[in-house]
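Coordinates in review
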Amino acid sequence: FEAADGRGRSACERFALAYAGLPEDAMAAHNHASCLADAGKGPEALAVVRMALARGPTEPRLRYLEGLIHFRKGEMAEARASWARFLALGPRDRK
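Residues numbered from 1 in each chain as written. Predicted model: local features only at pLDDT ≥ 70, side-chain atom pairs only at ≥ 80, totals over all residues. Heavy atoms only, no water.

The next point concerns the side chain of H70. Structurally, H70 can be placed in helix α4 (residues 60-72). The exposure class of H70 is buried, given its relative accessible area of 4%. Ignoring anything within four residues of it in the chain, the contact list for H70 reads L46, R50, E75, E78, A79 and S82. (Helix = DSSP H or I, 4+ residues; strand = E, 2+ residues; numbered from the N terminus. Buried < 20%, exposed > 50% of the residue type's maximum accessible area, 1.4 Å probe, protein only. Contact = heavy atoms within 4.5 Å.)

Laid out in structure tokens, this is it:
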């Protein structure tokens, strides 16, 4: 995510700008939170995810990311719960 765009902005900086302009957009929130989490800012990433989930709790990518953030923090019970919610949102035709 850290490739520059030719104007000196990293992808994460651009995701932060997109999220600031569209905080209600689940994909913008996901991308911004992913960058925060990858930068070691788990609490900030989790806050973004939780705000987005409060607006749209059925976004699978956010549930998966929520679990990943918990996993990285060593919060296994929370990670499992998030991933269970993620799987519950998935397609019903899995084999």
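There's plenty left to go through after this.
This brings us to the packing of helix α2 (residues 26-38) against α4. The geometry of a pair of packed helices is captured by two quantities: the angle between their axes and the separation between those axes. Closest axis-to-axis distance for the α2/α4 pair is 10 Å, and the angle between their directions is 15°. Compared by their axis directions, α2 and α4 come out roughly parallel. As for the relative orientation of α2 and α4, their crossing is left-handed in sense. Within the contact between the two elements, α2 uses A26, M27, H30, A33, S34, A37 and D38 and α4 uses R61, L62, L65, I69 and R72. Within the contact of α2 with α4, the residues separate by chemical class into seven nonpolar, two polar and three charged. (Axes fitted to C-alpha atoms, helices over the stretch in contact; angles between N-to-C directions. Parallel < 35°, antiparallel > 145°, perpendicular 65-115°, else oblique. Left-handed = near helix turned anticlockwise from the far one by under 90°. Nonpolar A, V, L, I, M, F, W, Y, C, P; charged D, E, K, R; others polar.)

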